[in-house]
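# Topology and contacts: notes
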Amino acid sequence: MTNWENILRQAQIFEENGKFLHAIQLYSVLKDKKECSRIANVKLASAYEKLNKPHLAKKILDSYLEQNPSDEEIKKIYSHFLIRNAFYDLAIDKLAEISREENPEVYFLMGVANYNLKEYEIAELNFKEFIGKSKDADLVPEAYLFLAKTQLHRKKYDEALANGKKSSELFYQNHELHKTLARIYFYKKMFYHAYESIRTALKINAKEISTHYCAGKILFELGEYGKAEKHLRKYLEEFENDRKALELLGTCMRKQGKNELSENSFGKNISMFGKIERK
């Protein structure tokens, strides 16, 4: 084993043990060495990202690509990094430099970046292109899920439901999938189906707090005001000033004949927002 390989291995051991500053020191020694520049720069950027310093990681990858502008594999790695860290516009610019015919994954990443920029029409086109051309079976279920979420935003509920079901056939144990299906069913006014989907989402991950708000809305439509109240209270433990949730909680309480607002902070906040429409 060469000297640089020994240094790289030691840096990786430091990183695996959470000693990122030690790893950074060693990766920095190697980043300009021709034999290992590629991997050292990627590892160095990754260590900075793990330290929650994405701007330093970005600087490292920018510098590498300035010297190696034809390295499409690193451009893909960089694009993933940019999307993870919400540099969506920059990700789109970088992805535009990569051949889509040779790398169909670019369509998927373009879709994700545009989805997060709320460019839903463009995102939908990219997800469809990816699904039609990709041989990457691992990403296809996620692409169907993103396509369903995109179409949900565009109020194309039937298409969104069809693509959500395709994602479900390929990867069932996905919290976000079932939450998305619940929202689609909700907007289609299929409240019993919506409830079954949100129950599945909660079984997979009850800690994702916004799922409880979704459950509360669905149960309210089903007339299950007591159950809806429990989920809304769970949600409001973290988002106690959410006006819509507070109003819905107040209506649930009144539907149950609880005309006196509770003395906890939720009751005070409901009062603060004034009279709630009686249904």
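### Quick notes on helix 14 (residues 225-236)
With twelve residues, helix 14 ought to run about 16 Å at 1.5 Å a step, and its terminal C-alpha atoms sit 16 Å apart, in line with that. For helix 14, the full list of buried residues reads A228, E229, H231, L232, R233, Y235 and L236.

### Considerations on the packing of aromatic side chains
Counting across every chain of the model gives 14 aromatic pairs. What links up through ring pairs into an aromatic cluster is the set F108, Y115, Y120, F127, F130 and F146. Over the ring of F146 we find K149, and its NZ or CZ is 5.0 Å from the ring centre.

### Side note on the layout of surface pockets
Of the volumes computed, that of the second largest pocket is approximately 200 Å³. K179, R183, F186, Y187, S210, Y213, C214, K217 and I218 are the residues that line the second largest pocket. Secondary structure elements with two or more residues in the lining of the second largest pocket: helix 11 (175-187) and helix 13 (210-221). Sort the elements by how many residues they give to the lining of the second largest pocket and helix 13 lands first, with five residues. A per-class count over the lining of the second largest pocket returns five nonpolar, one polar and three charged.

### Some remarks on unusual backbone geometry
Of note in the backbone geometry, K118 takes a positive phi value of approximately 65 degrees without being a glycine. Within the element layout of this structure, K118 appears in the loop between helix 7 (105-116) and helix 8 (120-133). We classify K118 as exposed; its relative accessible area is 62%. The phi dihedral of K189 falls on the positive side, at around 60 degrees, and the residue is not glycine. You can see K189 is positioned in the loop between helix 11 and helix 12 (191-204). Judged by its relative accessible area of 64%, K189 falls in the exposed class.

### As for the environment of F108
For F108, the location among the structural elements is in helix 7. Measuring from C-alpha to C-alpha, the distance between F108 and A148 comes to 14 Å, with 40 residues separating the pair along the chain. Once you skip the residues sitting within four places of it in the chain, F108 turns out to touch F127, F130, L139, E142, A143 and F146.

### Observations regarding the confidence of the model for the protein chain
Looking at the protein chain, pLDDT values average 91 and 92% of them are 70 or higher. Across the protein chain, helix 13 holds the top mean pLDDT of 98, while helix 16 (residues 265-272) sits lowest at 62. The model gives residues 274-279 a pLDDT under 50, and that stretch makes twelve contacts with residues more than four places away or in other chains.

### Details of the nonpolar core
Grouped burial of nonpolar side chains is what soluble globular proteins tend to show. Counting residues in each nonpolar core, the largest one holds 49 residues, and the members touching the most others are I83, F108, F127 and F130. The element contributing the most residues to this core is helix 7, with eight residues. Of all hydrophobic cores here, the second largest spans 20 residues; its members include L177, I184, F186 and A194.

### Quick word on the pattern of salt bridges
Opposite charge on two side chains makes pairing possible when the charged atoms of those side chains draw close. The tally for this structure, following the rule as stated, stands at 23 salt bridges. Among the salt bridges present, the one from K188 reaches D158, with a minimum N-O distance of 2.5 Å. Taken together, the residues K188 in the loop between helix 11 and helix 12 and D158 in helix 10 (residues 157-170) connect sequence positions 30 residues apart. For K188, a relative accessible area of 28% translates into the label partly exposed. The exposure class assigned to D158 is exposed, which follows from its relative accessible area of 55%. Salt bridges here are not isolated pairs; linked through shared partners, they connect E124, K128, R154, K156 and E159.

Thresholds applied
Residues numbered from 1 in each chain as written. Predicted model: local features only at pLDDT ≥ 70, side-chain atom pairs only at ≥ 80, totals over all residues. Heavy atoms only, no water. Helix = DSSP H or I, 4+ residues; strand = E, 2+ residues; numbered from the N terminus. Expected span 1.5 Å × (residues − 1). Buried < 20%, exposed > 50% of the residue type's maximum accessible area, 1.4 Å probe, protein only. Phe/Tyr/Trp six-rings, centres within 6.5 Å; stacked < 30°, edge-to-face > 60°. Lys NZ or Arg CZ within 6 Å of the ring centre and 35° of its normal. 1 Å grid on protein atoms, 1.4 Å probe; cavity = no way out; pocket = protein on both sides within 12 Å on 5 of 7 lines; lining within 4 Å. Points joined across faces, edges and corners; volume = space filled by probe spheres on them. Nonpolar A, V, L, I, M, F, W, Y, C, P; charged D, E, K, R; others polar. Contact = heavy atoms within 4.5 Å. pLDDT = per-residue confidence, 0-100. Core = buried A, V, L, I, M, F, W, Y, C linked by side-chain atoms within 4.5 Å. Salt bridge = Lys/Arg side-chain N within 4 Å of Asp/Glu carboxyl O.

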